[in-house]
Amino acid sequence: MDHSSKVLEATAANLAHCAELLRGDEVVGMPTETVYGLAGNALNEVSVRKIFAVKGRPLLDPLIVHFSDLAAAEAHIETNDSVRQLAAAFWPGPLTMIVPKQASIPDLVTAGLPSVAIRVPQHPVFRTILERLDFPLAAPSANPFGYVSPTRASHVAHTLGSRIQAVLDGGACDFGLESTIVDLRNPQVPVILRHGPITQAQINQILQVEVTAHSGASNDTAPQSAPGLLTKHYSPRARVTLLAHGETLTADAALDPGIAVVCNQQPTWHTDQPNIFWLSETGELNEIAHNLFELIQRLDQQDYQQLCIEQAAEEGLGQAINDRLRRAAAKLKAE
Ligand code: TXA
Ligand code: MG
């Protein structure tokens, strides 16, 4: 069924309508600068339960809470200097921080953890809605659990349209990859839990310490020490296989019409094979990130059985891109 009528242009009337839905404990698809989110009142368990139900997300996987500014967030957390420094440098923007929570944040939001993930987003549509509400918004990426994150309103309508009343259209997401997550529960030992648009080097520079990154190893069945690091995630219907960055592809790869080949840039041998795609004209990492999920979603709606995707250079934003690609290609033990 076509749910494109659920996509609402960000007019004054539609913004007011969506704010009203959120006040009434409904959930709404909303644009952020990273990916589209599925937003609901973070302080209200009815809304929070709807978020989990609509996504089909297990309750052990906690949600990020979005605030209009640091002061609004500080009313619900135990703050520290590192939080303030990173907020000053990167908020509003694509950085999420894990900090001890206060009792006002429902345990359901944090999967029972004493810490909460907080973020002040930059997208003007999301900010306008936050400014009209007197509560923060819990918002995971607006995809069915385990699937690729949406970077356009139409992606949300396509996958979740039958289960929600509205998606506000804010255009294509600038970054196209989920926010960087840094664990600041111990501000002396910050740990990156998820690579994203704010790089490890940028965080090091602000905090003046060597920030470590979580190994990525995780136990997919027990409650998570660092939840959300499930090995298999961001996975399209089609099987994903990976090519090393710069791995020399030949035109042979294009012989099987059931395989779509996704390169960083146009391969030198490309002539007119219809199943060869590329993410960037110049090879710039931010352009690759911006286009990645959108191209995967587009190809996944076609008949390809397999997507063969070239990894990015493993530096800066390339770490985040390759992290998502490895999870998209991962197999569950049962598979
Ligand atoms: O860019 C983004 O972060 C988007 C937009 C909508 O803001 N949101 C997003 O949410 O990617 P989600 O739920 O898809 O991913 C959030 C990740 C999850 O993997 C979750 O397990 C982790 O954050 N997380 C949330 N709260 C946590 C906590 N208290 N401790 C550790 N990890 C947490
Ligand atoms: Mg997600």
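Residues numbered from 1 in each chain as written. Chains lettered and ligands numbered in written order. Predicted model: local features only at pLDDT ≥ 70, side-chain atom pairs only at ≥ 80, totals over all residues. Heavy atoms only, no water.

### A look at the overall build of the protein chain
Then, number 1: Scanning the protein chain from terminus to terminus reveals nine helices and 15 strands.
Then, number 2: Taken over C-alpha atoms, the radius of gyration comes to 20 Å for the protein chain, in line with the 20 Å a tight globule of 335 residues would show.
Then, number 3: Projecting the C-alpha coordinates of the protein chain onto the three principal axes gives extents of approximately 60 × 50 × 40 Å.
Then, number 4: A burial count over the protein chain gives 57% of its 335 residues as buried.
Then, number 5: Considering only residue pairs separated by 6 or more positions, the protein chain has 64% of its internal contacts joining residues 24 or more positions apart.
Then, number 6: Of the roughly 14,100 Å² of accessible surface on the protein chain, a fraction of 51% belongs to carbon and sulfur atoms. (Helix = DSSP H or I, 4+ residues; strand = E, 2+ residues; numbered from the N terminus. Rg over C-alpha atoms; globule rule 2.2 N^0.38 Å. Buried < 20%, exposed > 50% of the residue type's maximum accessible area, 1.4 Å probe, protein only. Contact = heavy atoms within 4.5 Å. Areas by Shrake-Rupley, 256 points an atom, 1.4 Å probe, with all protein chains shown as cover.)

### A closer look at the packing of aromatic side chains
Then, number 1: Under the defined criterion, the tally for this structure stands at two aromatic pairs.
Then, number 2: Here Phe-277 and Tyr-304 contribute two aromatic rings whose centre-to-centre distance is 6.2 Å and whose plane-to-plane angle is 85°, an arrangement assigned as edge-to-face. Taken together, the residues span a long stretch of sequence, with Phe-277 in strand β14 (residues 276–278) and Tyr-304 in the loop between α8 (285–300) and β15 (306–310) at a distance of 27 residues.
Then, number 3: Taking relative accessible area as the criterion, Phe-277 reaches 13% and is therefore assigned buried.
Then, number 4: By relative accessible area, Tyr-304 is classed as buried at 11%. (Phe/Tyr/Trp six-rings, centres within 6.5 Å; stacked < 30°, edge-to-face > 60°.)

### Focus: the domain arrangement of the protein chain
Then, number 1: What the domain assignment lists for the protein chain is domain 1 (4–213) and domain 2 (239–329).
Then, number 2: Centre-to-centre separation of domain 1 and domain 2, based on C-alpha positions: 28 Å.
Then, number 3: Domain 1 puts 23 residues into the contact, and the matching count from domain 2 is 14 residues.
Then, number 4: Across the domain 1-domain 2 interface, the total number found is two salt bridges.
Then, number 5: Of the charged contacts, one joins Glu-178 and Arg-324 as a salt bridge, the two residues approaching to 2.7 Å between their closest N and O atoms. (Domains from an automatic or database assignment. Salt bridge = Lys/Arg side-chain N within 4 Å of Asp/Glu carboxyl O.)

### Quick look at the nonpolar core
Then, number 1: Counting 42 residues, the largest nonpolar core has Leu-86, Leu-95, Met-97, Ile-118 and Ile-203 as the members making the most contacts within it.
Then, number 2: For this core, the elements supplying multiple residues, two or more each, are α2 (45–55), α4 (81–90), β5 (95–100), β6 (115–119), α6 (153–160) and α7 (200–207).
Then, number 3: Not counting residues within four places of it along the chain, the set of residues in contact with Leu-95 comprises Leu-86, Phe-90, Ile-118, Arg-119, Ser-179, Thr-180, Val-182, Ile-198 and Ile-203. (Core = buried A, V, L, I, M, F, W, Y, C linked by side-chain atoms within 4.5 Å.)

### Concerning the pattern of salt bridges
Then, number 1: In the structure shown here, the tally under the stated rule is 14 salt bridges.
Then, number 2: Note that Asp-61 and Arg-57 form a salt bridge whose closest N and O atoms lie 3.4 Å from each other.
Then, number 3: The closest approach of N and O atoms between Glu-294 and Arg-152, which form a salt bridge, is 2.6 Å. One end of the pair, Glu-294, is in helix α8; the other, Arg-152, is in the loop between β7 (137–138) and α6, and 142 residues separate them in sequence.

### Thoughts on the site of ligand 1
Then, number 1: Ligand 1 sits among 26 residues. The nearest are Thr-34, Arg-57, Asp-61, His-66 and Ser-179.
Then, number 2: Ser-115 is positioned such that a nitrogen or oxygen atom in its backbone is 3.1 Å from a nitrogen atom of ligand 1.
Then, number 3: Protein burial of ligand 1: of its 680 Å² of free accessible surface, 96% is covered by the chains.
Then, number 4: Among the secondary structure elements, those contributing two or more residues to the shell around ligand 1 are β4 (64–66), β6 and β10 (191–194).
Then, number 5: By residue number, the principal contributor to the shell around ligand 1 is β6, which donates four residues.
Then, number 6: Among the residues forming the shell around ligand 1, the class breakdown is 13 nonpolar, eight polar and five charged. (Near = heavy atom within 4 Å. Polar contact = N/O pair within 3.5 Å; in protein donor to acceptor, adjacent residues only side chain to side chain. Nonpolar A, V, L, I, M, F, W, Y, C, P; charged D, E, K, R; others polar.)

### A short note on α2
Because each turn of an α-helix spans 3.6 residues, side chains separated by three or four positions in sequence point in the same direction.
Then, number 1: When we look at burial in α2, the residues that qualify are Ser-47, Val-48, Ile-51, Phe-52, Val-54 and Lys-55.
Then, number 2: The inward-facing, buried residues of α2 contact β3 (37–41), β7 and α6.
Then, number 3: Sitting at the head of α2, Asn-44 places a side-chain oxygen 2.8 Å from the backbone nitrogen of Val-46.

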